[in-house]
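# An overview of the molecular structure
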Amino acid sequence: MQVTVKLFATFRNGRFKLEERELPEGTLVRQVVADLSLTDDEIGIIMINGRHGMLDQELLPGDVLSLFPLVGGG
Amino acid sequence: MNEALTFLEEWSREGMLPWAAHCAAVKHFGLSHAAVERLALQNGLFPARYQRNRMMIDVHEQLRLFSSGVAVIGCGGLGGYVIEELARLGVGHLVAVDPDVFEEHNLNRQILATPNNLGLAKVEAARQRVEQINPAVTVTAVQDAFGLANGRELLAGVEVAVDALDSISYRLELAEVTGAVGIPMVHGAIGGWYGHVATQFPGEETVQGIYRHWVAGKGIEQQLGNPAFTPAVIASIEAAEVCKILLGKGELLRNRKLSIDLLEMEVHEIPYDQPVKLVRAA
C-alpha cells in the first residue's frame, strides 16, 4: 500500500520533507518511525490525515502520516 | 488623594499624564508609582508612557491590565521576554518564578542575562529590570521551582499563568494546577529554530495532548540548544495571548497549537480536541 510520510523540523535533517512510501498492509506507525531511524521518545506529534494518531496505530492505504519532534525548551 | 488627583489633572495634556508629572506626584504626595498610575487610570487619565497603546487599548482596558496579575513560570529564554513585554504593556502585578541563577550559557538569548549579573537569581534580575522599565508594575519574585506542592500558592491571585518552563514534566504540573485553580495557561516551548504556542482554559487538555507521547526527558532543545530569536518570537506570541485573555478580545490559540519553523519559515496549526461537553438529556 502507498502511504505519504511528511516530516517536520529536525526530522527532515538527512531525510526528506515528503515521501511516498510503499509499505506492507498492516504497517504500524511505530515501524515507519523505526525505518526512519527515529526512536519512539523523539516523537512529539503524530498526525494521520490531519488527526492525532498513536505509535501502535495501523496505517491504511492512502494515509498521510506527519511526524513532528518533541519540543520542550524554554 | 483628591489633592493628588487635582495635581495629576492639572499636569495632564489632552487626557494624557506625562511621566515627569507622574514622578512629581510620587515625590510630592509620597505615593508609590503604582498608586499614582491607579489614580490616573481610574480617573480617565492615560499615562503618556502608554500613549502608543491607546488606539488598541483604551483607558478602561489599560486599567484592567494594571489591575491584573500574571504569573510567569520560568525566567529564562521565554520568561525574560514575557516579563519585559508584560511590564511594558502595563500589567500591574507579575509573579516571577524560577529557581536558577544566571550562567554564562544563558547570555546568547536570555534578555535578562548580562555579564554583570552572572550568578544573580533570575527572578531578582527580573525584579530589577521591571523596576527600571516600569516602576508602576509590582513584581513578586519567587526563587523556587514550580510544582504540584507549591503551585496553588504561587498562582493565588493571578488571572493567567505563562508557561516559560524548560521541562516537560513541570509543564504538565503547571497544566494540572492551572486547571485545578481555574485559570488559563499560555503554553510556549522552544528548541533550536522551532517553537510552538497554545492557550489552554480550565477543562481543556491541549498541553496534555501536545505531550501525549512524552515518556521522559527533554525534546530537540537538548541537542540543538536555543538561539537568540526563537525565544523572542514564541514569548511575544505568548504575551499577545495574555493581553487578549486579560482584555477578553480577539481570537485565542485555544484547542490548537501554532508550530513555527524559523529555518524553513513555515507555520503549522495543529488542532486539539475540544473537551466533550456533557449534555444532559431533557
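In this convention, every chain numbers its residues from 1, walking through the sequence in written order. Labels are handed out in written order, letters beginning with A for the chains and numbers beginning with 1 for the ligands. Local features in a predicted model are, by the rule used here, given only for residues with pLDDT of at least 70; side-chain atom pairs are given and counted only at 80 or more, and totals for whole chains, interfaces and linings are based on all residues. With hydrogens and water stripped out, all remaining heavy atoms of the structure feed into the side-chain values.

If you check an unreviewed UniProt entry, chain B appears there as Molybdopterin biosynthesis protein MoeB from Geomonas limicola.

With an unreviewed UniProt entry as reference, chain A is termed Molybdopterin synthase sulfur carrier subunit, source organism Geomonas limicola.

## A closer look at the packing of aromatic side chains
Residue and element names in this part refer to chain B. Aromatic rings from Phe, Tyr and Trp, with only the six-membered ring used for Trp, were paired whenever their centres fell within 6.5 Å, and each pair was classed as stacked if the ring planes differed by under 30 degrees, edge-to-face if by over 60, and tilted otherwise. Within this structure, the stated rule accounts for 4 aromatic pairs over all chains. Relative to Phe29, the ring of Phe7 lies with its centre 5.4 Å away and its plane at 80°, an arrangement referred to as edge-to-face. One end of the pair, Phe7, is in helix α1 (residues 2–11); the other, Phe29, is in helix α2 (residues 19–29), and 22 residues separate them in sequence. Burial classification: accessible surface area is computed with a 1.4 Å probe over protein chains only, and a residue below 20% of its type maximum counts as buried, one above 50% as exposed, and the rest as partly exposed. On the basis of relative accessibility, which here comes to 16%, the residue Phe7 falls in the buried class. Take Phe29: its relative accessible area is 24%, and that puts it in the partly exposed class. Pairing Trp193 with Phe229 gives two aromatic rings, centres 5.5 Å apart and planes at 45°, and the pair type is tilted. Note that Trp193 is positioned in the loop between β7 (185–191) and β8 (194–200) and Phe229 in helix α11 (residues 229–247), a separation of 36 residues in sequence. By relative accessible area, Trp193 is classed as partly exposed at 36%. Taken together, the aromatic side chains of Phe7, Trp11 and Phe29 make up a single cluster linked through ring pairs. Throughout this description, the term charge over a ring refers to an Arg CZ or Lys NZ atom that lies within 6 Å of the ring centre and within 35 degrees of the ring normal. The residue whose ring lies beneath Arg54 is Phe46, and the NZ or CZ to ring-centre distance is 5.4 Å. Stacked on the ring of Phe201, the Lys or Arg Arg254 has its end atom at 3.9 Å from the ring centre. Each helix corresponds to a stretch of at least 4 residues labelled H or I by DSSP, and each strand to a stretch of at least 2 residues labelled E; elements are numbered beginning at the N terminus.

## Thoughts on the interface of chain A and chain B
When checking whether two residues touch, look at their non-hydrogen atoms; a contact exists if any pair is within 4.5 Å. On the side of chain B, 33 residues touch chain A, which itself brings 21 residues to the contact. The contact between chain A and chain B buries some 2,100 Å² in all, and 61% of this surface belongs to carbon and sulfur atoms. In the sections that follow, a salt bridge refers to a side-chain nitrogen of Lys or Arg positioned within 4 Å of a carboxyl oxygen of Asp or Glu. In this structure, the connection of chain A to chain B is made through 3 salt bridges. One salt bridge in this structure joins Glu266 of chain B and Arg12 of chain A, with 3.0 Å as the shortest N-O distance. Residues adjacent in sequence count toward polar contacts only when both atoms are side-chain atoms; beyond that, a polar contact is any pair of N or O atoms within 3.5 Å, and within protein one must be able to donate a hydrogen and the other to accept it. Taken together, the connections running from chain A to chain B amount to 13 residue pairs in polar contact (both at pLDDT 80 or more). At the level of secondary structure, the elements contributing two or more residues to the side of chain A that touches chain B comprise β3 (43–48) and β5 (64–69) of chain A. Counting residues per element, the side of chain A that touches chain B draws most heavily on β3 of chain A, which supplies 5 residues. Charged residues are taken to be Asp, Glu, Lys and Arg, nonpolar residues to be Ala, Val, Leu, Ile, Met, Phe, Trp, Tyr, Cys and Pro, and polar residues to be all remaining types, Gly included. A class-by-class count of the residues in the side of chain A that touches chain B yields 11 nonpolar, 8 polar and 2 charged. Buried area: the accessible area, evaluated with a 1.4 Å probe, that two parts lose upon being put together, summed over both parts.

## A closer look at the domain arrangement of chain B
All names here are of chain B. Note: domain ranges come from an automatic or database domain assignment. Parsing chain B into structural domains produces domain 1 (2–57) and domain 2 (68–271). One C-alpha centre belongs to domain 1, the other to domain 2, and the line joining them spans 30 Å. Taken together, the contact between domain 1 and domain 2 spans 9 residues of the former and 10 residues of the latter. Here domain 1 and domain 2 share an interface that buries about 720 Å² over both sides, 54% of which is from carbon and sulfur atoms. Summed over the three residues of domain 1 that lose the most area to domain 2, namely Arg49, Tyr50 and Ile57, the buried surface amounts to 50% of that side. Put simply, domain 1 and domain 2 have 0 salt bridges between them. Applying the counting rule to domain 1 against domain 2 returns 3 residue pairs in polar contact (both at pLDDT 80 or more). It is helix α3 (residues 33–42) that contributes the most residues to the side of domain 1 that touches domain 2, 3 residues altogether. Classifying every residue of the side of domain 1 that touches domain 2 gives 5 nonpolar, 2 polar and 2 charged.

## Focus on the sheet that holds β8 of chain B
All names here are of chain B. Pairing within the open sheet is mixed, and its 8 strands lie in the order β5-β4-β3-β6-β7-β8-β9-β10. Two strands bound the open sheet, and with one partner strand each, they are β5 (138–142) and β10 (266–271). For this sheet, the mean inter-axis angle between neighbouring strands, taken without regard to orientation, is 15°. Relative to strand β6 (residues 160–163), strand β3 (residues 69–73) runs parallel, the two sharing 4 bridges. Bridging across to β6, Val72 finds its partner in Val162. Sheet strands touched by helix α5 (residues 77–89): β3, β4 (93–97), β6 and β7. Its angle to β3, the strand with the most contacts, is close to 165°. Pairing between two strands requires that DSSP report at least two bridges joining them. Structural elements are reduced to axes, namely lines fitted to C-alpha atoms, with helices fitted over the stretch in contact, and the angle between N-to-C directions of any two is expressed from 0 to 180 degrees.

## Focus: α3 of chain B
Residue and element names in this part refer to chain B. Among the 10 residues of α3, 8 are classified as buried, and the element is accordingly described as predominantly covered. What α3 keeps buried is the set His33, Ala34, Ala35, Val36, Glu37, Leu39, Ala40 and Leu41. Buried residues along α3 sit against α1, β1 (16–17), α2, β2 (46–47) and α4 (59–66). A positive backbone phi angle near 75° is found at Gly44, which sits one or two residues after α3.

## Concerning the nonpolar core
Throughout, nonpolar core names a set of buried Ala, Val, Leu, Ile, Met, Phe, Trp, Tyr and Cys residues whose side chains join them through atoms within 4.5 Å. Counting 47 residues, the largest nonpolar core has Val70, Ile83, Leu86, Val91, Leu94 and Val242 of chain B as the members making the most contacts within it. Those elements giving two or more residues to this core turn out to be β3, α5, β4, α6 (122–133), β6, β7, α11 and β9 (256–261) of chain B. It is α11 of chain B that contributes the most residues to this core, 9 residues altogether. If sequence neighbours within four positions are ignored, Leu94 of chain B has contacts with Val70, Ile83, Leu86, Ala87, Val130, Val137, Thr138, Val139 and Thr140 of chain B. Residues Phe8 of chain A together with Leu165, Leu174 and Tyr211 of chain B belong to the second largest nonpolar core, which totals 32 residues.

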